[in-house]
Amino acid sequence: MQNIVGHKIHHNVMMHGTRPEQTQLGDLDDQIIMLDEISSTQNIGSIARSAAAIGINSYLLPSQGPHPYSRRALRVSMGHISMLKTHLYDDIHETIRTLKENGYRIYAAEVTADSTPLSSVKVVDKWVLLMGHEGSGLSDEILDLCDEVVTIEMTEGVKSLNVGVAASIMMYQFKQKIQNNK
């Protein structure tokens, strides 16, 4: 089986996926996980799997990055990418502006001097959580477009978490904060 698929089969799962038509930007749900320049296909799949598990049903990705329906992303997501509404955007600046015009609050996940600690962030009902590149994070230009920068509090000396892990923690906390506000 490994020779057929081209890589080690994890949990004895093999999958074939047909890329569906993408969801239009205006048809995404009120909570969206958005990625900017993620380079690891495994992280694309991992974030999709976590989003599906947590109940964040809309996934926004750059068209120039790894595709969420590539075989490795499908495998790592355990097929759960198929549960999400996906949209591939061409221009992040234009997309963020459109999302804001449509009433979304854009939260950027980044470690900066003035980041809001995750434990203190006030989460609104209609939001986008934007995750940046595994190594370089989000550019200052992108951060300036966002409404708020949020960071996960970490032990001194630890600079960051894997983007898939960070996205999972933040999506879970955002979802919990919305449910606790009701």
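Engineer: Go over the packing of aromatic side chains, please, and point to the residues and values.
Structural biologist: One pass over the structure, following the stated rule, counts two aromatic pairs. For the pair Tyr107 and Phe174, a centre-to-centre distance of 4.9 Å together with 85° between the ring planes defines the contact as edge-to-face. Here Tyr107, found in strand β4 (residues 105–109), pairs with Phe174, found in helix α6 (residues 163–181); they are 67 residues apart in sequence, far enough to count as distant. Accessibility classification places Tyr107 together with Phe174 in one group, the buried group. Classification of Phe174 by relative accessible area gives buried; the value is 0%. Over the face of the ring belonging to Tyr104 we find Lys126, whose NZ or CZ atom lies 4.7 Å from the ring centre.

Engineer: Which residues make up the pairing of strand β2 (residues 58–62), and what values do they have?
Structural biologist: Side-chain direction in a regular strand flips from residue to residue, so the side chains alternate between the two faces of the sheet. β2 sits mainly inside the fold: five of its five residues count as buried. Residues of β2 alternate between two faces, with Ser58, Leu60 and Pro62 on one and Tyr59 and Leu61 on the opposite face, all of them buried. Summarising the sheet, strand β1 (residues 31–35) and β2 pair through three bridges and their orientation is parallel. Across the sheet, Ile32 pairs through a bridge with Ser58, a residue of β2.

Engineer: Give a detailed account of the environment of Leu88, specifying residues and quantitative values.
Structural biologist: Locating Leu88 in the fold gives a position in strand β3 (residues 85–89). For the pair Leu88 and Gln64, spaced 24 residues apart in sequence, the C-alpha separation works out to 8.6 Å. With near-sequence residues (within four places) excluded, Leu88 lies in contact with Gln22, Leu61, Pro62, Ser63, His67 and Pro68.

Engineer: Hey, could you go over the pairing of strand β7 (residues 148–151) for me, with residue numbers and the actual values?
Structural biologist: Where burial is concerned, the two faces of β7 agree: the one with Glu148 and Val150 and the one with Val149 and Thr151 are both buried. The pairing of β4 with β7 spans three bridges and is classified as parallel. Considered in β7, the bridge of Ala108 is made with Val149. As paired elements, strand β5 (residues 116–117) and β7 share two bridges and run parallel to each other. Following the sheet pairing, Pro117 is matched in β7 by Thr151.

Calculation notes
- Residues numbered from 1 in each chain as written.
- Predicted model: local features only at pLDDT ≥ 70, side-chain atom pairs only at ≥ 80, totals over all residues.
- Heavy atoms only, no water.
- Phe/Tyr/Trp six-rings, centres within 6.5 Å; stacked < 30°, edge-to-face > 60°.
- Helix = DSSP H or I, 4+ residues; strand = E, 2+ residues; numbered from the N terminus.
- Buried < 20%, exposed > 50% of the residue type's maximum accessible area, 1.4 Å probe, protein only.
- Lys NZ or Arg CZ within 6 Å of the ring centre and 35° of its normal.
- Pairing = 2+ DSSP bridges.
- Contact = heavy atoms within 4.5 Å.

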